[in-house]
Amino acid sequence: VAGDADPDAGNAALTAEAEEKQLNLVNKYQGFVKFRGAMMVVFFFLYVSLSVGIPILAQNTISCDGGFFWETHMIFLGGFILTKLFELGLYAWDPTLTGKLGIISGGNTIRGFFCKLEFTQGFLWKFCMSFLGYVDGYQDSTAIAIAYSCPDPFAQDLGKYMWWVYVIGVVFLQWVVLACLAFWEPTHSCFAKLLHMDAFAARLSIPRNWKMTWKLIQGARTIFEDIPQAGFQTLFVIYVRKNPFMILSICCAVMGSLMSLKDALSRALVASGFVSAKKPIKSI
């Protein structure tokens, strides 16, 4: 199947089996799934609040050259650590998981070119690379505040453009529209992706009628956040200030965009490492 444009092509029976098993587990552990969903909403609001609130509350301490004091970022770091500990807890003890990740390699969710990048399907890669996605929204928010702190008229204009992209492409499209849509996906794999719990999401099979939601999440981040924000921030670095935090934000945006593109193209509906009870999975 190498070279298939659709990672689920030729695996209809396996996809149906994985979906049936996943939904049966969700129904079996309804109480836990509801509790998990409530906790994910709490952590999602924590993530959004910190990403938007910290730059606003600390705006009087911003420097055009140096950005924020490092102590300010420790608040966001605390939320990041709590969220990742929650993900690790789900990864280890969630009874609805149907897949299994190796430390380095993954399972049966890649096709075509990505067959050569098996290490990108392992726990270590997914868990660590999700850090970039998690901090990206916060970095974009702080980049806007830094741009506004500069007296340069061009920096002020960039700040306005970045603010509009952030409000429309991140807050409204991703954190309101797609978040509401993803929450109703019964396995919570799409909502976990929005919360950047990539390793946990990889162990859940996605129902077939929610495949478009998964792709929309990846596409929205790439098209309406990463590409325009990286462009505006690059202009800031070239023509205004070589702010180190802004440079880091650009790197995270580019890496995050590439990861979103990879997930949109290579992620199959079947959970990574899903083992069929009916027939062995063919090697890819």
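Residues numbered from 1 in each chain as written. Predicted model: local features only at pLDDT ≥ 70, side-chain atom pairs only at ≥ 80, totals over all residues. Heavy atoms only, no water.

## Here's the deal with the pattern of salt bridges
Applying the stated criterion to the full structure yields seven salt bridges. The salt bridge partner of R36 is D94, with a shortest N-O separation of 2.7 Å. Highlighted residues: R36 in helix 2 (residues 30–57) and D94 in the loop between helix 3 (70–93) and helix 4 (123–149), separated in sequence by 58 residues. For R36, a relative accessible area of 1% puts it in the buried group. Across the salt bridge formed by E87 and K84, the nearest N and O atoms sit 2.8 Å from each other. Placement of the pair is E87 and K84 together in helix 3, with a separation of three residues, close to one helical turn. (Salt bridge = Lys/Arg side-chain N within 4 Å of Asp/Glu carboxyl O. Helix = DSSP H or I, 4+ residues; strand = E, 2+ residues; numbered from the N terminus. Buried < 20%, exposed > 50% of the residue type's maximum accessible area, 1.4 Å probe, protein only.)

## What about the nonpolar core?
The nonpolar side chains of a soluble globular protein tend to be buried with one another. In this structure, F44, F76, I146, W175, M197, F200 and F236 are the most contacted members of the largest nonpolar core, which totals 54 residues. Those elements giving two or more residues to this core turn out to be helix 2, helix 3, helix 4, helix 5 (153–183), helix 6 (189–194), helix 7 (198–202), helix 8 (211–239) and helix 9 (244–266). With nine residues, helix 5 is the largest single contributor of residues to this core. With residues near it in sequence (within four places) discarded, F44 still touches W175, A179, F191 and L195. Counting six residues, the second largest nonpolar core, distinct from the first, contains Y91, F123, F127 and A199. (Core = buried A, V, L, I, M, F, W, Y, C linked by side-chain atoms within 4.5 Å. Contact = heavy atoms within 4.5 Å.)

## Let's talk about the environment of A253
Secondary-structure assignment places A253 in helix 9. Since its relative accessible area comes to 1%, A253 is described here as buried. Between the C-alpha atoms of A253 and P228, which are 25 residues apart in sequence, the distance is 9.6 Å. Residues in contact with A253, not counting those within four places in the same chain, are D136, D226 and A230.

## Quick word on the side chain of K84
Classification of K84 by relative accessible area gives buried; the value is 4%. Contacts of K84, omitting those with residues within four sequence positions, involve F127, S130, F131, H196 and M197.

## Concerning the packing of helix 2 against helix 5
One way to put it is that helix 2 packs onto helix 5 with a least axis distance of 12 Å and a crossing angle of 175°. On the basis of their axis angle, the class for helix 2 and helix 5 is roughly antiparallel. Note on element contacts: helix 5 touches helix 2 through Y166, W175, A179 and F183, opposite G37, V41, F44, Y47, V48, S51 and V52. Taken together, the residues that form the contact of helix 2 with helix 5 break down as nine nonpolar, two polar and no charged. (Axes fitted to C-alpha atoms, helices over the stretch in contact; angles between N-to-C directions. Parallel < 35°, antiparallel > 145°, perpendicular 65-115°, else oblique. Nonpolar A, V, L, I, M, F, W, Y, C, P; charged D, E, K, R; others polar.)

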